[in-house]
Amino acid sequence: MRAHEAGALHGDLGFSGPSWLRTPENVNALVPQLWAKTVERATNGEISVGGVNVRKIAEDHGTPAYVFDEADFRARCKAFKEAFGGAEVFYAGKAFIATAIVRILVEEGLSLDVCTGGELAVALRGGMPPERIGLHGNNKSVAELTRAVEAGVGRIIVDSFDEIDRLTAIAKQTATRPKVMVRVTVGVEAHTHEYIATAHEDQKFGFSLSGGAAAKAVDKILTEDVLVLRGLHSHIGSQIFDTSGFEVSARRLLSLQAAIHDKYKIELPELDLGGGFGIAYTTQDTPAEPRDLATDLMRIVKQECAALQLSVPHLSIEPGRAIVGPAMFTLYEVGTVKDVDGIRTYVSVDGGMSDNIRTALYDAAYSATVASRASAEPPILARVVGKHCEAGDIIVKDEFLPADVRAGDLLAVPGTGAYCRSMASNYNHVPRPPVVAVVDGESRVIVRRETEDDLLKLDVG
């Protein structure tokens, strides 16, 4: 249920939580699949990550704060790289990008996808070799394309005929031959929220396969012979658990690959199946392990190539959420606890929709736990809300917390590494939280907290 914009009294009274949410036997217990690998709860109930307890993090860095488990992030990078063998793993920077993140990706041997000039700037600042960068975007500006070409970006995923014309003109002016991939809209209805399903026909990304636009884009690039066509690309959406959508996408991409081979007598060397692999936000989510994803995806590609008598192209994938999402949690301090006439208990924290818009935007579900102590009290169904002047300012719609949850408690919300800091805002002029990296008993700030002075510097009067 969403909060009614006119207030709680206009909502669905008597709601008792979603059907999948079960009363926990132990309200202090952590559900392992929701948390980064080094997160632990001590006997006194305090949670620690990377050997540092949350009270120390709150004392040193304040709240709210995004807490990043560096060891967990590195382990997930390794897991994808090892599972997919010879395939190239492009980390999707839109999930969360910062200079420190790029440096880790370089060290772990991953490549990087960016989708704006700003993300490209961070990628280059962090030392990512340009040839390992891919540039996405449905409306890349001339300035963004020019910068990508001049930097030597390894691939540009073209998304429209206008963009092909722009990039062709830039290539001629700079006497270069940029490598490109054609983003194909394969017509797969991914089982996810409509705003993050990106391969059905009625949306802004890519060239339609069924309508013939994808084939025309390929014809244009090959006929003009200015850009270097490396291969085909598809991304069917985000937070996807069922690999059948990726299998359908691969079949349809390879059918176009076969048509290109028949017409031009060439085999495109690369195939990108995108990302969007789901993670566990709550107990209802059951994400696949990287090795299982790799087995399924590589099997279907090899089978289809054999059936079509094609060589197996160099495969690439683009996980973002699946790598950084579980590696981070958001740490808040409880400010008020309010029981509203027996309808529900509202637990208000010192952040909100400015640091996590996904609940309001996508109806996303999250979990939460009191992180600074243990409780012997029974669980109560609560709603974790923020400090913003908005009835829809909800962080966790439904969660069981101890009945004695109170002001001053530290509350942790897991799975906030993907898109929370990236989509954060200054709504109500609230400065954005820092990102605090924790590893081997030490914490350090990798993105500092904004201040009121930061906000006022932009207001030139």
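Here the structure is a predicted model, which means the values were calculated and not measured.

This paragraph deals with the packing of helix α2 (residues 70-83) against helix α3 (residues 99-108). Two numbers describe how α2 lies on α3: the axes approach to 10 Å, and their chain directions differ by 40°. One finds that α2 runs oblique with respect to α3. The handedness of the crossing between α2 and α3 comes out as right-handed. Taken together, the residues of α3 that come into contact with α2 (itself represented by E70, F73, R74, C77, K78 and K81) are I101, I104, L105, E107 and E108. Considered class by class, the residues forming the contact of α2 with α3 number five nonpolar, no polar and six charged.

Our next topic: the environment of D453. Secondary-structure assignment places D453 in helix α12 (residues 452-458). In sequence terms D453 and D296 are 157 residues apart; their C-alpha atoms lie 51 Å from each other.

As a further point, take the nonpolar core. Core analysis: the biggest nonpolar cluster contains 105 residues, and F68, F73, Y91, I156, V182 and L232 have the highest contact counts within it. Among the elements that take part in this core, helix α8 (residues 244-264) stands out by supplying seven residues, more than any other. Apart from the residues lying within four places of it in its own chain, the contact partners of F73 are F68, Y91, I101, I104, L105, I323, V324 and A327. Formed by 20 residues, the second largest nonpolar core is a distinct cluster that contains V39, A65, A280 and F329.

So, about the state of the cysteines. Within the structure shown, the criterion is met by zero disulfides. Of all cysteine sulfurs in the structure, the one in C420 sits closest to C115, which takes part in no disulfide; the separation is 16 Å. Owing to a relative accessible area of 1%, C420 belongs among the buried residues under this scheme.

One open sheet accounts for three strands, arranged β1-β2-β3; its pairing is antiparallel. Because the sheet does not close on itself, it has two edges, and the strands there are β1 (40-41) and β3 (52-53).

Moving on: the packing of aromatic side chains. For the coordinates displayed, the defined rule picks out eight aromatic pairs. Ring geometry for F161 and F207: centres 5.0 Å apart, planes at 75°, overall edge-to-face. With a gap of 46 residues between them, F161 in helix α6 (residues 161-174) and F207 in strand β10 (residues 207-208) connect regions that are remote in the sequence. Taking relative accessible area as the criterion, F207 reaches 3% and is therefore assigned buried.

For α6, spanning 14 residues, the distance from its first C-alpha to its last is 20 Å, which sits close to the expected 20 Å at 1.5 Å a residue. Taken as a whole, α6 has its buried residues at E163, I164, L167, T168, I170 and A171. Along the axis of α6, the buried positions cluster into a sector of 165°, meaning they face one direction only. Turned more than 90 degrees away from the buried face of α6 sit D162, K172 and Q173, all of them exposed. Within two residues after α6, A175 carries a phi angle of roughly 55°, on the positive side.

Okay, the pattern of salt bridges next. Side-chain pairs of opposite charge can arise whenever the charged atoms involved come near each other. Under the counting rule described, the total for this entry stands at 28 salt bridges. The salt bridge involving R155 is made with D113; its shortest N-O contact spans 3.9 Å. With a gap of 42 residues between them, R155 in strand β8 (residues 155-158) and D113 in strand β6 (residues 111-114) connect regions that are remote in the sequence. The partner of R432 in a salt bridge is E450, with the nearest N and O atoms 2.7 Å apart. Of this pair, R432 sits in the loop between β19 (410-414) and β20 (435-439) while E450 sits in the loop between β21 (442-447) and α12, and the two are 18 residues apart along the sequence. Of the residues examined, R432 reaches a relative accessible area of 23% and is grouped as partly exposed.

How each quantity is defined
- Residues numbered from 1 in each chain as written.
- Predicted model: local features only at pLDDT ≥ 70, side-chain atom pairs only at ≥ 80, totals over all residues.
- Heavy atoms only, no water.
- Axes fitted to C-alpha atoms, helices over the stretch in contact; angles between N-to-C directions.
- Helix = DSSP H or I, 4+ residues; strand = E, 2+ residues; numbered from the N terminus.
- Parallel < 35°, antiparallel > 145°, perpendicular 65-115°, else oblique.
- Left-handed = near helix turned anticlockwise from the far one by under 90°.
- Contact = heavy atoms within 4.5 Å.
- Nonpolar A, V, L, I, M, F, W, Y, C, P; charged D, E, K, R; others polar.
- Core = buried A, V, L, I, M, F, W, Y, C linked by side-chain atoms within 4.5 Å.
- Buried < 20%, exposed > 50% of the residue type's maximum accessible area, 1.4 Å probe, protein only.
- Disulfide = S-S within 2.5 Å.
- Pairing = 2+ DSSP bridges.
- Phe/Tyr/Trp six-rings, centres within 6.5 Å; stacked < 30°, edge-to-face > 60°.
- Expected span 1.5 Å × (residues − 1).
- Arc of directions from axis to C-beta.
- Salt bridge = Lys/Arg side-chain N within 4 Å of Asp/Glu carboxyl O.

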